[in-house]
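Examination of the molecular architecture
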Amino acid sequence: MGLGRKLDVPVCDLSLLKGIWEVRVKKHRQRQKKEQERVEKSALPKIDQQWQYRIYCKTLKTQDRNLLHHYLERSTLTDIQPYTEAEQQDHKDSQDQKDPEQSKLIFRLDGDRWTAFPRELQWMTYLKEWHVTGTQIRQLPDYLACFTQLTVLEIPKNVIAELPPEIGKLTELRELNVNYNRLSKVPPELGNCENLERLQLAGNHNLSELPFELSSLKQLVHLDIAENRFVSIPICSLRMSSLQLLDLSNNSLTDLPQDMDRLEKLVTLFVHKNNLPYLPHCLCNISTLKMIVVSGDELNCIPTKLCYNPEIKFIRLYDNPNSIEKKKKKEEEEEKKKEKKKKRWTQPREEEEVKKDSREKEFMEAYISSLNDRDTVPYSTTKVTISCLL
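Residues numbered from 1 in each chain as written. Predicted model: local features only at pLDDT ≥ 70, side-chain atom pairs only at ≥ 80, totals over all residues. Heavy atoms only, no water.

**Quick word on unusual backbone geometry**
Leaving glycine out, the prevailing phi sign among residues is negative, and the prevailing peptide bond configuration is trans. Even without a glycine there, the phi angle at tyrosine 180 is positive, about 55°. Note on placement: tyrosine 180 falls in the loop between strand E4 (175-177) and strand E5 (198-200). One non-glycine residue, glutamate 227, lies in positive phi territory at about 60°. Within the secondary structure layout, glutamate 227 lies in the loop between strand E6 (222-224) and strand E7 (245-247). (Helix = DSSP H or I, 4+ residues; strand = E, 2+ residues; numbered from the N terminus.)

Below you can see the structure in the form of structure tokens.
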């Protein structure tokens, strides 16, 4: 090679290579999404469901099989016959005229004898409401995503430890109640339920944050995250533009953000039983605000406009000094006995605490709702507990 000969050295632009790979990755993800949608829309899951149903029926006795067929007579398994749109509409109208209650397709389950959902539930995909209360169920079923018509999912006072990511496929969901369970986190996929109007997550004790993806819940009007371990208001809640009721009571809040006036439609705010020394002035900018409930024991700085505004019911709750001292003594005694407690006593204690918290919250809701009909707010109220032994 001669010394005077020039060499052409190729120079690569890293930004150009990065752009090429980003385009490839984007196309690959789009193909994956289309393939997933194709699989979901295909007939294979329905065929598999039908075969599983037939196999299960083979294991039943004739009487049980007939009862199951009668119970599932409105399921999707019997809707295989082809209908035109006009015939489907006429069929639906005739069913509603015969029995209006049939339009309310509700599944109910309660009692601590239940430790799992019944197997027959997986074929009732036509259901629109679930009401499961007071059971020993620890998790939601794997086939939850098949219930695409579900609008109400009420599962309070169970022992559910987590919500599956498949809950994001319930796009018709309007109400979700998971009060008094054992949640420690909420899946970000819940943000896909954009039609959600009520979200209740009170009394889970280990819940301390909400994913930012819940910001997409623009239709949400009721958010209840009371009796948890929040130390600050979730950022996503300030982006729920339709929010009318926000319950943050009985947490560990030490302050409220200065941009709470972003909730332009907020009507009711519960922040009692926290550690708030002051309320931000931005609350005065919310023209729709009608009721604020706070704890007056530690609160020492309140905007004057909130206190003397005739349009706002400003309720300050004070604890009885005697009850505060008893509570402190009780907490000290419990801390001393924690190391000596046996594991077999742990479960009953937790269940008793959950029931107690639930009763307290129900009382507060009934009391505060009674104030809506009053012209003025009472200075003080005495709570009386009456026990009857029959």
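**Points about the side chain of aspartate 247**
As for its position among the elements, aspartate 247 is in strand E7. Aspartate 247 gets classed as buried once you look at its relative accessible area, which sits at 4%. What aspartate 247 contacts, discounting residues up to four positions off in sequence, is Leu223, Asp224, Ile225, Ala226, Phe270 and Lys361. (Buried < 20%, exposed > 50% of the residue type's maximum accessible area, 1.4 Å probe, protein only. Contact = heavy atoms within 4.5 Å.)

**Description of the sheet that holds E4**
Overall, parallel pairing links the 10 strands, which are arranged E1-E2-E3-E4-E5-E6-E7-E8-E9-E10 in an open sheet. For this open sheet the edge positions go to strand E1 (106-110) and strand E10 (313-317), each flanked by a neighbour on one side alone. Neighbouring strand axes in the sheet, compared pairwise and without regard to direction, differ in orientation by 5° on average. Strand direction decides the pairing type here: E4 and E5, joined by three bridges, are parallel. Within the sheet, the bridge partner assigned to asparagine 177 lies in E5 and is glutamine 200. (Pairing = 2+ DSSP bridges. Axes fitted to C-alpha atoms, helices over the stretch in contact; angles between N-to-C directions.)

**Describing the pattern of salt bridges**
Under the criterion given, the structure shown has three salt bridges. The salt bridge partner of arginine 262 is aspartate 259, with a shortest N-O separation of 3.8 Å. You can call arginine 262 partly exposed: its relative accessible area is 38%. The class for aspartate 259 is partly exposed, based on a relative accessible area of 30%. (Salt bridge = Lys/Arg side-chain N within 4 Å of Asp/Glu carboxyl O.)

**Considerations on the nonpolar core**
In this structure, Phe117, Trp130, Leu176 and Met260 are the most contacted members of the largest nonpolar core, which totals 67 residues. Those elements giving two or more residues to this core turn out to be E1, strand E2 (129-133) and strand E9 (291-295). Counting residues in each nonpolar core, the second largest holds eight residues, with Met291, Val293, Ile315 and Met364 among its members. (Core = buried A, V, L, I, M, F, W, Y, C linked by side-chain atoms within 4.5 Å.)

**A word on the confidence of the model for the protein chain**
Within the protein chain, residue pLDDT values average 78, and 66% of them lie at 70 or more. Contacts from residues 74-88, a stretch scored under 50 in pLDDT, to residues over four places away or in other chains number 18 contacts. Residue range residues 98-103 is modelled with pLDDT below 50. Its contacts to residues more than four positions away, or to other chains, number three contacts. (pLDDT = per-residue confidence, 0-100.)

**Points about the packing of aromatic side chains**
Within the structure shown, the criterion is met by four aromatic pairs. With a centroid separation of 6.1 Å and an interplanar angle of 65°, the aromatic rings of phenylalanine 107 and tryptophan 130 are classed as edge-to-face. Of the two residues, phenylalanine 107 is situated in strand E1 and tryptophan 130 in strand E2; the sequence distance between them amounts to 23 residues. Judged by centre distance (5.5 Å) and plane angle (40°), the ring pair of phenylalanine 117 and tryptophan 130 falls under tilted. (Phe/Tyr/Trp six-rings, centres within 6.5 Å; stacked < 30°, edge-to-face > 60°.)

**Remarks on the environment of glutamate 197**
On the secondary structure map, glutamate 197 appears in the loop between E4 and E5. In sequence terms glutamate 197 and serine 242 are 45 residues apart; their C-alpha atoms lie 9.0 Å from each other.

**Here we look at the environment of cysteine 284**
Here cysteine 284 is to be found in the loop between strand E8 (268-270) and E9. In the structure, cysteine 284 is positioned 23 residues away from aspartate 261 in sequence and 8.0 Å away in space, judged by C-alpha atoms. Among all residues touching cysteine 284, those that are not within four sequence positions of it are Pro303, Lys305 and Leu306.

**Thoughts on the pairing of E2**
The pairing of E1 with E2 spans five bridges and is classified as parallel. When the bridges of E2 are listed, arginine 108 appears paired with histidine 131. Here three bridges tie E2 to strand E3 (residues 152-154), and the two strands are oriented parallel to one another. Bridge pairing in E3 links glutamate 129 to valine 152.

**Some details on the side chain of serine 237**
Within the secondary structure layout, serine 237 lies in the loop between E6 and E7. Once residues within four sequence positions are removed from consideration, serine 237 is found in contact with Leu223, Leu243 and Leu263.

**Considerations on the state of the cysteines**
Across all of its chains, the model carries zero disulfides by this definition. With no disulfide partner, cysteine 282 has as its closest neighbouring cysteine sulfur the one in cysteine 284, 8.2 Å distant. For cysteine 282, a relative accessible area of 6% gives the class buried. (Disulfide = S-S within 2.5 Å.)

**Quick word on a nonpolar patch on the surface**
Together, Leu16, Leu17, Ile20 and Trp21 make up a nonpolar patch on the protein surface, roughly 420 Å² of accessible area in all. Tracing the backbone through its elements, the reader meets leucine 17 in helix H1 (residues 14-41). (Patch = residues over 30% accessible without salt bridge, like charges linked within 9 Å, V, L, I, M, F, W, Y side chains within 5 Å. Areas by Shrake-Rupley, 256 points an atom, 1.4 Å probe, with all protein chains shown as cover.)

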